[in-house]
Amino acid sequence: MDPRYDAIVVGAGFSGLSCAVRLGMMGKKVILIEKHKIFGGLNSYYTRKVDDRKVLFDSGLHALTNFCGPKDRHLPLGKVIRQLRLSYNDFKLCPQKESKISFPWGSFRFNNDSQFFFQNLKNFFPNEMNNIDQFCEFLKSYDEFSQENFKAPFIDARDELRKFFTESRLIDVLLVAPLCYGSAREMTLDWNLFICLFRSIFIEGLSRPKAGIQGILRPLTEKLVDLNITIETGAAVTKYLFNSAGAVCGAQLSNQKTILGEQVYCSSGIASLSLVEDQKNLEDPITFVEVCLVISKKDLQSYIPWTLHFETLGDQVQYKIPTDPFDQNLLIWSCSANYLDPDENKGDEEEVSFLKLSLLANGNFWIKTEAETYQQQKNELLSYAMKLIDERFPGLKEKIIGHDAFTPRTIKKYTGHHGGAVYGGREKWKDGISPWKNLYIIGADQGPPGIVGSMLSGITMANQYGFISTTTSSELPNELS
Amino acid sequence: MSLETQEKVKSIVLNIISDIAPDEDLSHLDATKGLRDQLALDSMDFLDIVMELRRRHKVEVPAEDYPHLATLAGCVEYLTPKMNLQ
Ligand SMILES: Cc1cc2nc3c(=O)[nH]c(=O)nc-3n(C[C@H](O)[C@H](O)[C@H](O)COP(=O)(O)OP(=O)(O)OC[C@H]3O[C@@H](n4cnc5c(N)ncnc54)[C@H](O)[C@@H]3O)c2cc1C
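Reading the values: the criteria
- Residues numbered from 1 in each chain as written.
- Chains lettered and ligands numbered in written order.
- Predicted model: local features only at pLDDT ≥ 70, side-chain atom pairs only at ≥ 80, totals over all residues.
- Heavy atoms only, no water.
- Helix = DSSP H or I, 4+ residues; strand = E, 2+ residues; numbered from the N terminus.
- Rg over C-alpha atoms; globule rule 2.2 N^0.38 Å.
- Buried < 20%, exposed > 50% of the residue type's maximum accessible area, 1.4 Å probe, protein only.
- Contact = heavy atoms within 4.5 Å.
- Lys, Arg positive; Asp, Glu negative; His and termini not counted.
- Charge placed at Lys NZ, Arg CZ, Asp CG, Glu CD.
- Phe/Tyr/Trp six-rings, centres within 6.5 Å; stacked < 30°, edge-to-face > 60°.
- Lys NZ or Arg CZ within 6 Å of the ring centre and 35° of its normal.
- Near = heavy atom within 4 Å.
- Polar contact = N/O pair within 3.5 Å; in protein donor to acceptor, adjacent residues only side chain to side chain.
- Areas by Shrake-Rupley, 256 points an atom, 1.4 Å probe, with all protein chains shown as cover.
- Salt bridge = Lys/Arg side-chain N within 4 Å of Asp/Glu carboxyl O.
- Core = buried A, V, L, I, M, F, W, Y, C linked by side-chain atoms within 4.5 Å.
- Buried area = accessible area lost by both parts, 1.4 Å probe.
- Nonpolar A, V, L, I, M, F, W, Y, C, P; charged D, E, K, R; others polar.
- Pairing = 2+ DSSP bridges.

**Concerning the overall build of chain A**
For chain A, the count of helices and strands is 15 helices and 18 strands. Relative to the 2.2 N^0.38 estimate, which gives 23 Å for 481 residues, the radius of gyration of chain A is 22 Å and therefore close to what a compact globule would have. Along the three orthogonal principal directions, the C-alpha set of chain A runs to about 70 × 55 × 50 Å. Considering chain A as a whole, with its 481 residues, one finds that 58% of them fall into the buried category. Across chain A, every contact between residues at least 6 apart in sequence was considered, and the portion connecting residues at least 24 apart equals 73%. Between the averaged position of the 53 positive side-chain charges in chain A and that of its 57 negative side-chain charges there is a distance of 3 Å.

As structure tokens, this is what we get:
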């Protein structure tokens, strides 16, 4: 007989992992299905030989947003840790040193003390002093997770910011990081999402788990095991099964297994569900290429002072899908050497770090092009990165130990997201209810983007549909069930 | 409702809270005041109390009854008849 589950969770990225853990905590019989052998999805890891040693690469991680202290349970990351009953100390969070936003006309430093950032803005835009204070006051009173705000229809963040500020340059400074770290639209994003991302980056701040992405994946995986959740890796869902009433009742896997379940929580993106729909009218999503350079921690620290650097080469922010294979206007740099490690000196001096450069990309090109042009463009991408590095940090090029690059094709291959989408589609399914009964959407198409955002998505959807809706529905008395 | 059962129910609820909020000091809890304010619990934490009652003690609390769980005294009053403590 085919096994029957209370819930089938599709995808072991951060939304799926968190959702499965939560459902398991409710005492449900859960199966988690992941088409790859490794967990993490967009934010995973792999090892590769560099020279003679094995180097562990994080495939995504720049910085964990939503930094919080051990007692900040009311903040998003605190809530995630508490809801999943993880221990704050497991993550060993190392806060950022200092990051930077720059334009040809000015540059702005920020760290995990938001006052430092706001003061730098005031120094550069003295006429906006009062407006900045008003914006800060507004932030204090705004709750982006309230039902009313979270579910509000799209409001253009640029328009809203114009109500606070007169200088369009200041608006660009405020927008660039939230765009890069979570907008599925070109040039702008939804106002509520903007506030959510702005707070997660500038008010709460950035950090990095000492062990990289595995520092979060490992404790989550241990929870899955503790909760006896069935894990099926190396098998993809190829088809959803429907009962006679038209509701989803199970899934067919690529290894020929049939899994039956009462509910399905799906993190592979609404576009992937077009297993059952018309594929043609899907928009091109926001996606990226990334070059990752392996350099010793000591060398990186001696050349590069920042943790992240959002560098705009033109006068204004251009957050757009390029017509060329990759964009050359907006450079997103991240340097894993520049986090404050509490036990820095106890570590291995030989430790390697990563300098990453991410650029907006034309997903269509990278996914459709033939093998030969693909390789050619990948080489061009690498030369472009080397040229930029040489201009900015003469001498650093010689210190590079190894490199790797990924493209939208890699993203699509490893996550199944349509067009290599990183932040989901432009339209969101905020209540998680899909057009198919019993199938719920989790991850970037439902909730906030990012690691913490996707964990929150998995948790809230599990709470909503695995728990609340079953408690409100009329249940059999205990004796009868 | 014997005093003994009420004490048992109280310790069941406190056990659950201490698992959900391990770093809270529960010794000074005022039974008649709101749990939410005293312990900075939010609606997600409340859900966890309900979830653990169901999982560990097979007690169902429908959403419309959540207000009964606002204080420790309220929890004891509401849950004692629902629990099978033989
Ligand atoms: C290069 C890069 C860098 C990033 N850096 C950061 C960062 O520094 N900080 C941050 O907060 N966020 C970062 N992000 C964003 C963050 O990774 C994502 O927002 C988050 O991981 C999304 O999680 P998810 O669970 O929604 O989706 P995913 O991680 O995409 O998970 C989906 C999972 O489903 C699996 N799957 C898909 N289809 C099927 C199928 N048919 N059957 C079975 N399994 C299937 C996939 O293999 C995948 O594991 C980055 C993203 C990228 C691409």
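**What to know about the environment of Leu 300 of chain A**
Residues and elements named next belong to chain A. Inspection of the secondary structure puts Leu 300 in helix 11 (residues 297–303). The class of Leu 300 is buried, set by a relative accessible area of 0%. For the pair Leu 300 and Ala 337, spaced 37 residues apart in sequence, the C-alpha to C-alpha distance is 6.4 Å. Apart from residues lying up to four places away in sequence, Leu 300 is in contact with Ile 295, Cys 335, Ala 337, Ser 353, Phe 354 and Leu 355.

**Side note on the packing of aromatic side chains**
All names here are of chain A. This structure, assessed with the given rule, holds 33 aromatic pairs over all chains. On the basis of an interplanar angle of 5° and a centroid distance of 4.5 Å, the ring pair of Phe 117 and Phe 202 is categorised as stacked. A residue pair is termed long-range when its members are at least 10 positions apart, and Phe 117 in helix 4 (residues 114–124) and Phe 202 in helix 9 (residues 191–203) qualify at 85 residues. In this structure, Phe 117 and Phe 202 share a single accessibility class: buried. With 5.7 Å between their ring centres and 90° between their planes, Trp 366 and Tyr 374 make a pair best called edge-to-face. Neither residue differs from the other here; Trp 366 and Tyr 374 are each classed as buried. Put simply, the rings of Phe 110, Phe 117, Phe 118, Phe 135, Phe 138, Tyr 142, Phe 164, Phe 165, Trp 191, Phe 194, Phe 198 and Phe 202 pair up and form one aromatic cluster. Here the guanidinium or amino end of Lys 29 rests over the ring plane of Tyr 5, the centre of that ring lying 4.8 Å away. Directly above the ring of Tyr 374 sits Arg 409, whose terminal nitrogen or CZ lies 4.1 Å from the centroid.

**So, the site of the ligand**
All names here are of chain A. Near the ligand you find 34 residues, and of these Ser 15, Glu 34, Asn 43, His 62 and His 417 are the closest. Within the backbone of Tyr 414, a nitrogen or oxygen atom sits 3.2 Å from an oxygen atom of the ligand. Between the ligand and the protein, one listed contact pairs an oxygen atom with a side-chain N or O atom of Ser 454 at 3.5 Å. When the ligand sits alone it has 1000 Å² of accessible area, and the protein chains cover 95% of it. Looking at the shell around the ligand, the elements that each hand over two or more residues are helix 1 (14–25), strand 2 (30–34), helix 14 (408–415) and helix 15 (450–472).

**Quick word on unusual backbone geometry**
What is expected of a backbone is that most residues other than glycine have negative phi and most peptide bonds are trans. Residues and elements named next belong to chain A. Of note, Lys 92 is a non-glycine position whose phi angle comes to about 45°, a positive value. Relative to the elements of secondary structure, Lys 92 occurs in the loop between helix 3 (88–91) and strand 5 (93–95). The backbone of Gln 256 shows a phi angle near 75°, a positive value even though the residue is not glycine. Along the chain, Gln 256 falls in the loop between strand 11 (248–253) and strand 12 (258–266).

**With respect to the pattern of salt bridges**
Under the counting rule described, the total for this entry stands at 29 salt bridges over all chains. Close ionic contact of Arg 199 of chain A with Glu 144 of chain A constitutes a salt bridge, the shortest N to O distance being 2.8 Å. Here Glu 144 of chain A lies in the loop between helix 5 (129–141) and helix 6 (147–150) and Arg 199 of chain A lies in helix 9, a separation of 55 residues in the sequence. Of the two residues, Arg 199 of chain A and Glu 144 of chain A, both sit in the buried class. Across the salt bridge formed by Glu 52 of chain B and Arg 56 of chain B, the nearest N and O atoms sit 2.9 Å from each other.

**Regarding helix 4 of chain A**
In an α-helix, one full turn covers 3.6 residues, which means residues spaced three or four apart are oriented alike. Among all positions of helix 4 of chain A, only Ser 114, Phe 117, Phe 118, Asn 120, Leu 121 and Lys 122 of chain A are buried. Tucked into the core, helix 4 of chain A has its buried residues touching strand 6 (99–103), strand 7 (106–110), helix 5, helix 8 (168–180) and helix 9 of chain A.

**Some words on the nonpolar core**
Core analysis: the largest hydrophobic core is formed by 74 residues, its most contacted members being Val 9, Leu 23, Leu 32 and Tyr 265 of chain A together with Val 61 and Leu 79 of chain B. Considering every element that reaches this core, the biggest residue donor is helix 15 of chain A, with 9 residues. Setting aside its immediate chain neighbours within four residues, Leu 79 of chain B contacts Val 9, Val 13, Leu 53, Val 59, Val 61 and Leu 69 of chain B. Grouped together as the second largest cluster of nonpolar side chains are 55 residues, Cys 94, Phe 117, Phe 125 and Leu 206 of chain A included.

**What to know about the interface of chain B and chain A**
Counting residues at the interface gives 25 residues for chain B, matched by 22 residues for chain A. Its largest share of buried area at the contact with chain A, chain B owes to Met 44, Met 51 and Arg 54 of chain B, together 33% of the area lost on that side. Where chain B packs against chain A, one counts 5 salt bridges. Residue Arg 85 of chain A pairs with Glu 52 of chain B through a salt bridge whose shortest N-O separation is 3.1 Å. Inspection of the region where chain B meets chain A yields 9 residue pairs in polar contact (both at pLDDT 80 or more). Within the residue set of the side of chain B that touches chain A, elements represented by two or more residues are helix 1 (3–20) and helix 3 (43–57) of chain B. In terms of residues, the side of chain B that touches chain A owes the most to one element, helix 3 of chain B, which gives 9 residues. Split by residue class, the side of chain B that touches chain A holds 14 nonpolar, no polar and 11 charged.

**Topic: the pairing of strand 13 (residues 287–296) of chain A**
All names here are of chain A. Extensive coverage of strand 13 is indicated by the burial of 10 of its 10 residues. Residues Thr 287, Val 289, Val 291, Leu 293 and Ile 295 point to one face of strand 13 and Phe 288, Glu 290, Cys 292, Val 294 and Ser 296 to the other, with burial holding for every one of them. Here strand 13 runs beside strand 16 (residues 352–361); their pairing, made up of 10 bridges, is antiparallel. When the sheet's bridge partners are listed, Leu 293 is paired in strand 16 with Leu 355. For strand 13 and strand 17 (residues 402–406), the ladder comprises 5 bridges, and the chain directions are antiparallel. Within strand 17, the residue paired with Cys 292 across the bridge is Asp 404.

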